[in-house]
Amino acid sequence: MAIETPVDGLVSPYDLSSDDGYVWLKGNLHSHTTNSDGKPAPQERLDGYVEHGYDFLCLSDHYKITRTDTVSCPDNFVLIQGAELHPANPFGGQVHHFVALNIHQDMDSQRLPPQLVIDAVRDQGGSIWLAHPHWSSVNILRDTRPLRGLSVIEVFNTTCRRMGRGESSVHWDDWMSMEDKIYPALANDDSHALDSARHDTYQGWTMVRVAERTSAAVVEALATGASYGTTGPQIIDIQLRLSDQSTDKSRVVEATVVSSEAQRVCAVCDAYGTEYHEHGKSFETATFPIRANARWARFEVIAPDGTKAWSNPFDLTDL
Ligand SMILES: [Zn+2]
Ligand SMILES: [Zn+2]
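Not measured: the values here are computed from a predicted model.

Cut-offs and rules
Residues numbered from 1 in each chain as written. Chains lettered and ligands numbered in written order. Predicted model: local features only at pLDDT ≥ 70, side-chain atom pairs only at ≥ 80, totals over all residues. Heavy atoms only, no water. Donors = N, O, S within 2.8 Å, 3.2 Å for Na, K, Ca; no water. Helix = DSSP H or I, 4+ residues; strand = E, 2+ residues; numbered from the N terminus. Buried < 20%, exposed > 50% of the residue type's maximum accessible area, 1.4 Å probe, protein only. Arc of directions from axis to C-beta. Contact = heavy atoms within 4.5 Å. Pairing = 2+ DSSP bridges. Axes fitted to C-alpha atoms, helices over the stretch in contact; angles between N-to-C directions. Core = buried A, V, L, I, M, F, W, Y, C linked by side-chain atoms within 4.5 Å.

Asker: Please give an account of the coordination of the zinc ion (ligand 2) that cites residues and values.
Answerer: Coordination of the zinc ion (ligand 2) by the protein comes from His30 (NE2), His32 (NE2), Glu84 (OE) and Asp190 (OD), over a distance range of 2.1 to 2.3 Å. The distance between the zinc ion (ligand 2) and the zinc ion (ligand 1) comes to 3.5 Å, and glutamate 84 binds to both of them. Taken together, the residues span a long stretch of sequence, with histidine 32 in the loop between strand S1 (23–28) and helix H1 (42–51) and glutamate 84 in strand S4 (residues 82–85) at a distance of 52 residues. Residue histidine 32 is classed as buried on the basis of its relative accessible area of 0%. Judged by relative accessible area, which is 0%, glutamate 84 ranks as buried.

Here it is as structure tokens:
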């Protein structure tokens with residue numbers, strides 16, 4: 001049985017060539033302003049990310065769209081219009097936090113069931129992501145399994161890390177295992193404070209591989225997996241091949257991960273246990289086998305300073 005991938009499958013950013021005009025862009029899809037509970041005005045929030053070398057940003061205020069035409073944005077900067085929407089959770093858990101990207105019509109998300117909010121975002125051509133489920137105590141089996149159409153998950157959130165529940169990678173893995181499907185993830189700041197507070201800005205971001213600097217291109221690259229999330233390390237290349245250790249009963253895939261300076265690289269997969277590469281001193285290229293018969297794997301790169309990057313998952317069944 002082939003793994004069931006989302007409609008068009010996931011795209012490896014490492015299959016997209018600079019010869020075809022593809023470049024990496026750095027961005028944050030989750031931030032707040034004085035239009036909801038953020039401290040800086042929309043223009044100040046945008047200026048901060050521009051000054052820190054970002055290429056794209058979403059001012060994702062709670063409930064209501066912060067219009068991109070209400071701020072002045074440099075020509076080569078991609079400002080994605082969106083909002084954080086909060087439908088009730090009819091399945092027993094806490095209220096949902098969904099980050100909706102590339103939308104133009106407001107909706108009364110608090111009064112709508114979550115599936116209608118997802119459908120409305122998609123009808124507008126947007127994509128919609130489950131934000132910080134670990135912090136929200138959202139349980140994937142109970143609270144998101146009935147839903148269809150989420151692009152999927154925010155694996156890292158700087159604000160939630162400050163409060164002790166920043167990483168949602170187990171939720172991500174559970175979701176993929178439960179549905180036998182691979183899904184992409186985002187890493188975001190969810191910035192509320194002023195830059196000067198140094199609480200929740202410029203610490204978690206997502207890199208996308210695109211050929212155009214437009215909202216539509218960035219949002220499509222995110223939804224199709226041509227991206228990775230990070231709090232520091234760069235993931236430069238990931239290549240996978242069937243290993244010659246493979247037998248008729250045991251299919252082994254070998255991975256090569258090229259990154260900025262790493263202390264450890266882990267291959268998280270749907271099979272029992274995990275494999276990792278570590279050898280006492282830092283390195284930039286890791287080649288190692290993934291657990292036998294794994295159907296998908298994703299990679300985590302941990303730098304010597306403890307910062308971390310998360311690749312999107314790869315389908316290993318069609319190698
Ligand atoms: Zn939230
Ligand atoms: Zn938020």
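Asker: Any details on H1? Residues and values, ideally.
Answerer: Residues of H1 that are buried: Pro42, Arg45, Leu46, Gly48 and Tyr49. On an axial view of H1, the arc spanned by its buried residues comes to 155°, and they lie on one face. Buried residues in H1 make contact with S1, strand S2 (56–58) and strand S3 (78–80). Of the residues trailing H1, glycine 53 is marked for its positive phi of about 85°.

Asker: Just give me the short version of the coordination of the zinc ion (ligand 1), but keep the residues and values in it.
Answerer: Distances from the zinc ion (ligand 1) to its protein donors, Glu84 (OE), His97 (ND1) and His132 (NE2), fall within 2.0 to 2.1 Å. Mapped onto the polypeptide sequence, the residues donating to the zinc ion (ligand 1) form the spacing pattern E-x12-H-x34-H.

Asker: Outline the sheet that holds strand S5 (residues 98–101), supporting the account with residue identities and numerical values.
Answerer: An order of S4-S5-S6-S7-S8 is seen for the five strands of this open sheet, with the pairing classed as mixed. Both outer strands of the open sheet, S4 and strand S8 (185–188), are each paired with one neighbouring strand and no more. Pairs of neighbouring strands in the sheet enclose a mean axial angle of 30°, with direction left out of account. Relative to strand S6 (residues 127–130), S5 runs antiparallel, the two being bridged by four bridges. Paired with alanine 100 across the two strands is isoleucine 128, which belongs to S6. Contacts from helix H7 (residues 215–224) reach S5, S6 and S8 within the one sheet, and its direction differs from that of S6 by about 50°.

Asker: Any chance you could break down the environment of leucine 130 for me, citing the residues and the numbers?
Answerer: Position of leucine 130 relative to the elements: it lies in strand S6. Along the chain, leucine 130 and leucine 186 lie 56 residues apart, while their C-alpha atoms are 9.7 Å from each other. Not counting residues within four places of it along the chain, the set of residues in contact with leucine 130 comprises His96, His97, Phe98, Val138, Ile140, Thr144, Leu150, Val152, Ile153, Glu154 and Trp175.

Asker: Help me get a handle on H7, residues and values and all.
Answerer: H7 sits mainly inside the fold: seven of its ten residues count as buried. When H7 is considered as a whole, its buried residues turn out to be Ser215, Ala217, Val218, Val219, Ala221, Leu222 and Thr224. Downstream of H7 by a residue or two, glycine 225 has a phi angle that is positive, lying close to 90°.

Asker: I'd like a description of the nonpolar core, backed by residues and values.
Answerer: One finds Leu240, Ile290 and Phe299 to be the most contacted residues of the largest nonpolar core, which totals 34 residues. Elements with a minimum of two residues in this core: H1, strand S9 (205–210), strand S11 (235–242), strand S12 (253–262), strand S13 (264–269), strand S15 (283–289) and strand S16 (296–302). Per element, the largest residue contribution to this core is four residues, and it comes from S12. Dropping the residues within four chain positions of it, phenylalanine 299 is found in contact with Ile238, Leu240, Ala255, Val257, Cys266, Ala267, Phe288, Ile290, Ala309, Trp310, Ser311 and Phe314. Membership of the second largest hydrophobic core comes to 29 residues, among which are Val121, Ile153, Trp172 and Ile182.

Asker: Describe the pairing of S13, naming the residues involved and giving the relevant values.
Answerer: Burial analysis of S13 places five of its six residues in the buried class, the great majority of the element. Pairing of S13 with S16, which is carried by six bridges, proceeds in the antiparallel orientation. For cysteine 269, the partnering residue across the bridge sits in S16 and is alanine 297. In the sheet, S13 pairs with strand S14 (residues 275–277) via three bridges, with the strands oriented antiparallel. Each bridged residue has a counterpart across the sheet, and for cysteine 266 the counterpart in S14 is tyrosine 276.

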